[in-house]
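What the coordinates show
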Amino acid sequence: MSFQESTRPSDEEEAFYMQGRAAYLAVFRSSLTNIASKQQLCRVLQQAGRNPSHATLDKYWTPRTSKLNFDDFCEILKCEKKTEETELMRAFKKMDVNGYGFITHNELEKVLTTRGEKMTTEEVNTIFSLADINKDGKLDYAEFCRLLVSTVEQCQMAALERLEADAKLKRQNFGSQSCSPPKSSVSSASSAATQVAAAHPQPPETSDVTPRKDSRSSSRPSSARSRRSSLSNSVAMTSSIAKASKIAEPPGLQEWHHTYMKGCLFLEDDGSISSLQYQLHLPQKTNVYLTIQPLSLSHGPDKCSSWMTVDTALFVMSAGETKEDSTLVHFTESKDKEKYVWKGELNAGTYYLLPFTSGCRLKKRSKKSLSNKPVELVYRTDTGELDLTRELREALSDIFEIIDLDGNGLLSLEEYNFFELRTSGERCDKDSWAVCKENFDMRKNQLTRQGFMELNLMEATEKDGDPADLWVTLEAMGYNRMLELVEACPFQIDVHCEGSQLSIQPLTMDSGPKLLNQALQKSITARTGAKALRGQDNVFIYTYRGEHRISSLIANKTNQKVTVHVNNEQSRNCSNSRGMSVFAVEVPARTKMVCQHVLPINDKQDWTYNCVETILTCT
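Note that the structure is a prediction, hence the values are computed from the model and not measured.

1. Some details on the overall build of the chain
Of the regular secondary structure elements, the chain holds 16 helices and 26 strands. Counting across all 619 residues of the chain, residues that qualify as buried make up 51%. Residue pairs at least 24 apart in sequence account for 75% of intrachain contacts in the chain once pairs closer than 6 positions are excluded.

2. Examining unusual backbone geometry
One non-glycine residue, asparagine 445, lies in the positive phi region at around 65°. One can find asparagine 445 in the loop between strand 15 (442–443) and strand 16 (446–447). Relative accessible area serves as the criterion here: at 39%, asparagine 445 is assigned to the partly exposed category.

3. Digging into the nonpolar core
Phe452 and Val495 are the most contacted members of the largest nonpolar core, which totals 66 residues. Looking at this core element by element, the count peaks at 7 residues for helix 11 (residues 390–403). Not counting chain neighbours up to four residues away, the residues in contact with phenylalanine 452 comprise Leu396, Ile399, Phe400, Ile403, Leu411, Tyr416, Phe419 and Leu447. Ranked by size, the runner-up nonpolar core spans 22 residues in total, among them Val564, Val566, Cys595 and Tyr609.

4. Here we look at helix 12 (residues 413–423)
Within helix 12, 8 of the 11 residues are buried, which leaves the element mostly enclosed by the surrounding structure. Every buried residue of helix 12 is listed here: Leu413, Glu415, Tyr416, Asn417, Phe418, Phe419, Glu420 and Thr423. In the core, the buried residues of helix 12 are packed alongside helix 11, helix 13 (430–439), strand 16, helix 14 (449–462), helix 15 (468–476) and strand 18 (503–507). Backbone geometry just after helix 12 places glycine 425 at a positive phi near 75°.

5. Describing the environment of histidine 281
Relative to the helices and strands, histidine 281 is located in strand 6 (residues 277–282). Counting along the chain gives 220 residues from histidine 281 to glutamine 501, while the straight-line C-alpha distance between them is 9.1 Å. Residues contacting histidine 281, with those up to four places away along its chain left out, are Gly349, Thr350, Leu502 and Ser503. Only 3.2 Å separates the side chain of histidine 281 from the side chain of threonine 350, close enough to count as a polar contact.

6. Observations regarding the packing of helix 2 (residues 38–47) against helix 4 (residues 70–79)
Their axes nearest at 11 Å, the elements helix 2 and helix 4 cross at an angle of 55°. Judged by the inter-axis angle, helix 2 sits oblique to helix 4. Where helix 2 crosses over helix 4, the two elements pack in a sense that is right-handed. The residues of helix 4 that touch helix 2, namely those facing Leu41, Val44 and Leu45, are Phe73, Ile76 and Leu77.

7. Thoughts on a positive patch on the surface
Residues Lys522, Lys557, Arg590 and Lys592 make up a contiguous surface patch of positive charge. Considering the arrangement of structural elements, one finds arginine 590 in the loop between strand 24 (582–587) and strand 25 (591–600).

Reading the values: the criteria
- Residues numbered from 1 in each chain as written.
- Predicted model: local features only at pLDDT ≥ 70, side-chain atom pairs only at ≥ 80, totals over all residues.
- Heavy atoms only, no water.
- Helix = DSSP H or I, 4+ residues; strand = E, 2+ residues; numbered from the N terminus.
- Buried < 20%, exposed > 50% of the residue type's maximum accessible area, 1.4 Å probe, protein only.
- Contact = heavy atoms within 4.5 Å.
- Core = buried A, V, L, I, M, F, W, Y, C linked by side-chain atoms within 4.5 Å.
- Polar contact = N/O pair within 3.5 Å; in protein donor to acceptor, adjacent residues only side chain to side chain.
- Axes fitted to C-alpha atoms, helices over the stretch in contact; angles between N-to-C directions.
- Parallel < 35°, antiparallel > 145°, perpendicular 65-115°, else oblique.
- Left-handed = near helix turned anticlockwise from the far one by under 90°.
- Patch = residues over 30% accessible without salt bridge, like charges linked within 9 Å, V, L, I, M, F, W, Y side chains within 5 Å.
- Areas by Shrake-Rupley, 256 points an atom, 1.4 Å probe, with all protein chains shown as cover.
- Salt bridge = Lys/Arg side-chain N within 4 Å of Asp/Glu carboxyl O.
- Lys, Arg positive; Asp, Glu negative; His and termini not counted.
- Charge placed at Lys NZ, Arg CZ, Asp CG, Glu CD.

Read these as layout, nothing more, since geometry by itself doesn't imply function.
So, in structure tokens, the structure goes:
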């Protein structure tokens, strides 16, 4: 049995993406431009014929949202219905209790300033002046609804016509230059309709309210596009079951010096992945056996441990006098079950250990149905005192396990601060730590598991049982509202040295992501030759084929920005880090950029990587 990442879309899907792209390009110059604010999201949704309320916008643009891309926008369009004339008429008729066919200024003001998303009197006056088409002091809402829907349709048609007529714009629909959004004639009228609908809301529909990055399709160029500047790569890979591990444990490993350190890979709101880095010091030249693997937590049989299938890797870089002087030494390539391994000799010195995952298996998931009630975090005992629920205590115990980096069963101030920085962005100073020592269970000036529970109970008690702050902590640590760990991957690094003692310590480096990207690029370009795109002698594709992962990189050696269209539709049993079978990558002049990582969907079956890269633009 084989898998294919996606199939060619139907005519209906093609029309949907064409309309979505037309709406997007009516606001932005390119569909690679990100939506950077809630106001921009509102404008582009209105351009697409939607009628977003403040609540709708807040649903997709949360306090942690920094940007949304075109594919996020398409997922939102799938969840939000178009503005329907019948729906607007129904809302207005609820205000027109006498059935006169119109409403007065006073009636409209009373509704819009007291119900739903309340407006100011000035805003109502502005809306009424726009909506009072006959200028008789009465709002003929049937005529207004027809005008609104007609205006929306005309704007959409105009955007489609501009897209179809402008061949250059169509070729550049994956570009990235942004411009000031044009003013839309939809905005004012749509704003009025939004307030009316909010004042008389309809029963909610259960839907997936989060843009999904796993299964979305992307807008794509016409199949008639010239392939003169394209490059095709096809690689057949055997299943991991058919492969024997190339690196066996060294004989007498139990006699080697050994230390380990835990950590966690976190999936951020923008889809990037972050982690602590580590510093390894070797006093002398020695043989080293290095592994990284997902960390198994003490879950019951009914608990999901989805992160155990996440791929991990560790890049070893020599620590130069400055971060820019750091160079890639080795990285874990071989795999033994969930464990990724490297064995070799390292000179005396200091090294950075940089954890990595491809993002193929640790990615944003759709939220569970709205009918699923979030897990309760706190409750009141028979005596009326607040306490933590069993489910929360289990989750906090697992969090303790994750942030106890050295595994000694206690949290040092340094370990606790890694947790604080992750969840609140602040540090606990020594004075505050002394206060903790007076109030919570500690041993050797370190917080015990029981003390960690007491600290969280105190925070819940101070909020009189309001779980909002607890949810902020849990979600920052990768938990969803069902207390499932779905957006993080705990891991453990083990280092064995044959001839000398060693030390390893965690770091938070501002340059960590840059160092990891540097190491990743070097690992790809050093292991494979470059292939130039046809017709573009200075744009190259590097394709790294590891034992268990394929990664590609685009090197743009021209003095111009290039946009490369990537098509994986003929790949089988493959999952990629982009979450799309068809997408585009913009590479600035004189720059290298990782294009994608690819893993098998099913490790037990063979898989085929088939990718076609095509130049879209060179500007």
